[in-house]
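# A look at the structure
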Amino acid sequence: MALRAKLLGTGRAVGPTCLTNDDLCRIVDTTDEWIVSRTGIRERHIVGSGDDLCTSDLCTEAGRKALAAAGLEPSDLDLILVGTVTGDCKFPATAVFTQAKLGARNASAMDIAAACSGFVYGLELADALIRTGQKKHVLLIGAEVLTSMVDWTDRGTCVLFGDAAGAAVLGPSDDETGVLSTYTKSNGELAELLWAPGCGTLRRLSPESLANKDHLIHMQGRHVYVNAVKCMADATQQAMDRAGLTPADVDLLIPHQANIRIIEATCERFGFPLEKTMINVDRYGNTSAASIPIALDEALEMGRIHKGQVALMTVFGGGFTWAASALRI
Ligand code: UT7
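Quick notes on the rules
- Residues numbered from 1 in each chain as written.
- Predicted model: local features only at pLDDT ≥ 70, side-chain atom pairs only at ≥ 80, totals over all residues.
- Heavy atoms only, no water.
- Helix = DSSP H or I, 4+ residues; strand = E, 2+ residues; numbered from the N terminus.
- Rg over C-alpha atoms; globule rule 2.2 N^0.38 Å.
- Buried < 20%, exposed > 50% of the residue type's maximum accessible area, 1.4 Å probe, protein only.
- Contact = heavy atoms within 4.5 Å.
- Near = heavy atom within 4 Å.
- Polar contact = N/O pair within 3.5 Å; in protein donor to acceptor, adjacent residues only side chain to side chain.
- Areas by Shrake-Rupley, 256 points an atom, 1.4 Å probe, with all protein chains shown as cover.
- Nonpolar A, V, L, I, M, F, W, Y, C, P; charged D, E, K, R; others polar.
- Expected span 1.5 Å × (residues − 1).
- Pairing = 2+ DSSP bridges.
- Salt bridge = Lys/Arg side-chain N within 4 Å of Asp/Glu carboxyl O.
- Axes fitted to C-alpha atoms, helices over the stretch in contact; angles between N-to-C directions.
- Core = buried A, V, L, I, M, F, W, Y, C linked by side-chain atoms within 4.5 Å.

Below, the discussion takes up the overall build of the chain. Each helix and strand in the chain was counted, giving 11 helices and 13 strands. At 19 Å, the chain has a C-alpha radius of gyration in line with the 20 Å of a compact globule built from 329 residues. If one aligns the C-alpha atoms of the chain with their principal axes, the spans along those axes are about 55 × 45 × 35 Å. Within the span of the chain, comprising 329 residues, buried residues form 54% of the whole.

Structure follows, in C-alpha cells:
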C-alpha cells in the first residue's frame, strides 16, 4: 500500500475565444471599472458557439498534456475522474467520452458533480483509492463550459465565468511527497442560492421551464459571496490542521478563482501575503471545477512552486460544497 497519492504531471486547456470586459459592455449594461473593481476579472476564455468544442475536448487536451508531463501512456490509466456540472450530455459521463478520445482502454471512468469543488473532491477520492492500492494511476480533471448555461441578459452572472479544463495524473507515493490532507464538506440546505434548476426531474424540460430560463445559472451573488468567504476559511483551516501545518508552512496558496475580493479575504484571515498566493482570475474568470487545477498547472509552469514545497488548495462552490487539500509537490 502506498503512503499517499502524489502528483505525476499536470496540464490545462482553455476555451479558444477571448472575451474581454469591453466585449461584455456591448452585451449587457456594465463597465470594465465595475467588473474589475467588484471581481478582479479582466478577460475570460470561452468556448463560443462557433468553436465546435465540448467539455470532453477540453478534458482530452488537458489530459494528454498531464500524461505527457507524467511520462505515461493513456493505457497506464486505471481511473478517469472528471469534476464537472457542464458535461457533454446528461448521460453518460463526460469522463467516458474523455476515456474514448484518449484511448485509455484500461480505465474506468466517472464524473463528480460537486460544482467548483469537483477537482478537490476528486483528489480526496483518488488519494483514498491509490492509498489502498485499488487504483495505481488516476487521471483527475476539473472541467467546465459554464458559458453554455449563462443567461447573457443577466449582468450579475454573465460577466463572471470562463471555460477550461485542468488535469492532474496521480500515482502512488512512498515518500513525503503527495497529498498531505484533504477536507470536503457540503450544505444542500442552501442549494437554491446557486443552481440551474431546470431540465432534470425537479423541473422537467417544458416550454414553461425554458421560458423561465430554468436551465440557466441562477445565483444570489451576495449570499454566495458571504458563504464563500466563511467556508473557504473553514476548509483552509481544516486542511492545515489535518496535515499539521501552519500558514508559515504553506509555500503557495491556490484559492478558487471566483472573485479577487474573496481571495484577499482568505489571505487576510490567515496572514498569507499575496505574493504567496496564486492569482489568475484576471485572465480566466471563474472556471468552476477547472479553476484549481489550471491555477496549479500555471503555478508549476511559472516556477511559483517547486518539488518538495507545499501547496494549499481551497475552494467553494454550488451545492454548497467546499473543500481544501494540502499537497507536497
Ligand atoms: O464559484 C462559486 C462561487 N461563486 C462566487 O463565489 C460568486 C460570489 N459572488 C460574487 O462574487 C459577488 O457577489 C458578485 C461579483 C457576483 C456581485 O458583486 P456584489 O458586490 O455582491 O454586487 P451585488 O450583487 O450586491 O450588486 C451591487 C450592484 C447592484 O446594483 P444596485 O441594486 O445596487 O443598484 C447590481 O445590480 O451592482 C449591480 N451589478 C452590476 N453593475 C454593473 C451587478 N452586476 C453588475 C455588472 N455591472 N456586471
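As for its position among the elements, Thr98 is in helix α4 (residues 94-102). Taking C-alpha positions, Thr98 is 22 Å from Glu298, a pair spaced 200 residues apart along the chain. Non-local contacts of Thr98, meaning those with residues more than four positions away in its chain, are made with Ser56, Cys59, Thr60, Val82 and Ile141.

Neighbouring the ligand are 24 residues, the closest being Thr30, Arg38, Arg155, Asn259 and Asn286. Within the backbone of Arg155, a nitrogen or oxygen atom sits 2.9 Å from a nitrogen atom of the ligand. The contact in question runs from an oxygen atom of the ligand to an N or O atom on the side chain of Asn259, over 2.7 Å. A total of 940 Å² of accessible area belongs to the ligand in isolation, and the protein chains cover 72% of it. Elements represented by at least two residues in the shell around the ligand include exactly α2 (32-39), α6 (155-158), α8 (221-243), α9 (260-270) and β12 (310-317). Ranked by the residues each element gives to the shell around the ligand, the list is headed by α8, at four residues. Broken down by class, the residue content of the shell around the ligand amounts to 11 nonpolar, eight polar and five charged.

Looking now at helix α3 (residues 55-70). Taking 1.5 Å of rise per residue, 16 residues should cover 22 Å, and α3 covers 22 Å from first to last C-alpha, within 8% of that figure. Listed as buried for α3 are Thr55, Ser56, Leu58, Cys59, Thr60, Ala62, Gly63, Ala66 and Leu67. Its buried side turned inward, α3 meets β1 (4-14), β4 (79-83), α4, β6 (138-145) and β7 (163-173). Two residues or fewer after α3 comes Gly71, characterised by a positive phi angle close to 70°.

Before going further, it helps to spend a moment on the pairing of β6. When you tally the buried positions in β6, you get eight out of eight residues, the bulk of the element. Bridge count between β6 and β7: eight bridges; the pairing is antiparallel. Looking across to β7, one finds that Glu144 is bridged to Ala164.

To continue, consider the pattern of salt bridges. Applying the stated rule across the entire model yields 11 salt bridges. Note that Asp214 is salt-bridged to Arg203, the shortest N-O span being 3.2 Å. Taken together, the residues Asp214 in the loop between α7 (207-211) and β10 (218-219) and Arg203 in the loop between β9 (194-195) and α7 connect sequence positions 11 residues apart. Its relative accessible area of 5% is what places Asp214 among the buried residues. A relative accessible area of 34% places Arg203 in the partly exposed class. Among the charged side chains, a salt-bridge network with shared partners connects Arg12, Arg283, Asp297, Glu298 and Glu301.

Quick look at the sheet that holds β4 now. Spatially, the five strands line up as an open sheet ordered β1-β7-β6-β4-β5, and their pairing is mixed. With partners counted over all chains shown, the strands left at the sheet margins are β1 and β5 (108-112), one partner each. For this sheet, the mean inter-axis angle between neighbouring strands, taken without regard to orientation, is 20°. As paired strands, β4 and β6 are joined by five bridges and run parallel to one another. The partner of Gly83 across the bridge, within β6, is Gly142. Strands in contact with α3 are β1, β4, β6 and β7; relative to β1, the strand with the most contacts, it is inclined by about 130°.

What follows is about the nonpolar core. Counting 44 residues, the largest nonpolar core has Ile217, Met240, Phe272, Leu312, Phe316, Phe320 and Trp322 as its most contacted members. Secondary-structure elements contributing two or more residues to this core are β8 (178-186), α8, α9, β12 and β13 (321-328). Take this core: its biggest share by element is nine residues, from α8. When sequence neighbours within four positions are dropped, the list of residues in contact with Met240 reads Leu245, Thr246, Pro247, Val250, Phe270, Phe272 and Leu312. Listed in part, the 32 residues of the second largest apolar core include Leu79, Tyr121, Leu170 and Ile305.

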